[in-house]
Amino acid sequence: AVVSTQSGHYGRGEYFLRYDWWGEALAEDRVGPVVWVPDENVDQCHLCHEKFSAIKFIRKHHCRSCGNIFCGNCAKSRICIPEKNYMTPVLVCDKCYEEHTRSC
């Protein structure tokens, strides 16, 4: 079920994403450039919910597949994502890593 939408410009193209209850872009909207969640909108990891902190050195990392923000423990793998024009390995979250490697 679609619960929210986002539209705007990414580079030269436009994007329109639909999100489900968990804040994930629907699968059919994930082809093409990834729209990153803005840093200022996030204060915790999208997967484990650990709070980001400069004091504890818990940094934000964008997954190149889904665009969400994760801690270093939840975004530690690198893969190629040809459908998003990433021909060399790029950082992805654990969930996207499992989805991409499961389909191989």
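Caption draft 1: Highlighting the side chain of Ser-77. Position of Ser-77 relative to the elements: it lies in strand S5 (residues 77–81). Judged by relative accessible area, Ser-77 falls into the buried class, the value being 16%. With residues near it in sequence (within four places) discarded, Ser-77 still touches Val-90, Leu-91, Val-92 and Tyr-97.

Caption draft 2: Molecular detail of the pattern of salt bridges. Using the criterion set out here, one finds three salt bridges in the structure. A salt bridge links Asp-43 to Lys-51; the shortest N-O distance between them is 3.3 Å. The residue Asp-94 makes a salt bridge to Lys-76 at a minimum N-O spacing of 3.0 Å. Of the two residues, Asp-94 sits in helix H1 (residues 94–102) while Lys-76 sits in the loop between strand S4 (69–70) and S5, which places them 18 residues apart along the sequence.

Caption draft 3: Structural context of the pairing of S5. The two faces of S5 differ: Ser-77, Ile-79 and Ile-81 on one face are buried, but Arg-78 and Cys-80 on the other face are not. Pairing analysis gives four bridges linking S5 to strand S6 (residues 86–92), with the strands arranged antiparallel. Its bridge partner being in S6, Ile-81 is matched across the sheet by Tyr-86. Counting the residues between successive antiparallel strands, the hairpin from S5 to S6 contains four residues, one of them, Asn-85, with a positive phi of roughly 65°.

Caption draft 4: Summary view of unusual backbone geometry. Not every positive phi belongs to a glycine, and His-49 is a case in point at roughly 70°. Taking relative accessible area as the criterion, His-49 reaches 47% and is therefore assigned partly exposed. Despite not being glycine, Asn-85 has its phi angle at roughly 65°, a positive value. By secondary structure assignment, the location of Asn-85 is in the loop between S5 and S6.

The rules behind the values
Residues numbered from 1 in each chain as written. Predicted model: local features only at pLDDT ≥ 70, side-chain atom pairs only at ≥ 80, totals over all residues. Heavy atoms only, no water. Helix = DSSP H or I, 4+ residues; strand = E, 2+ residues; numbered from the N terminus. Buried < 20%, exposed > 50% of the residue type's maximum accessible area, 1.4 Å probe, protein only. Contact = heavy atoms within 4.5 Å. Salt bridge = Lys/Arg side-chain N within 4 Å of Asp/Glu carboxyl O. Pairing = 2+ DSSP bridges.

These figures come from the coordinates and say nothing about function on their own.
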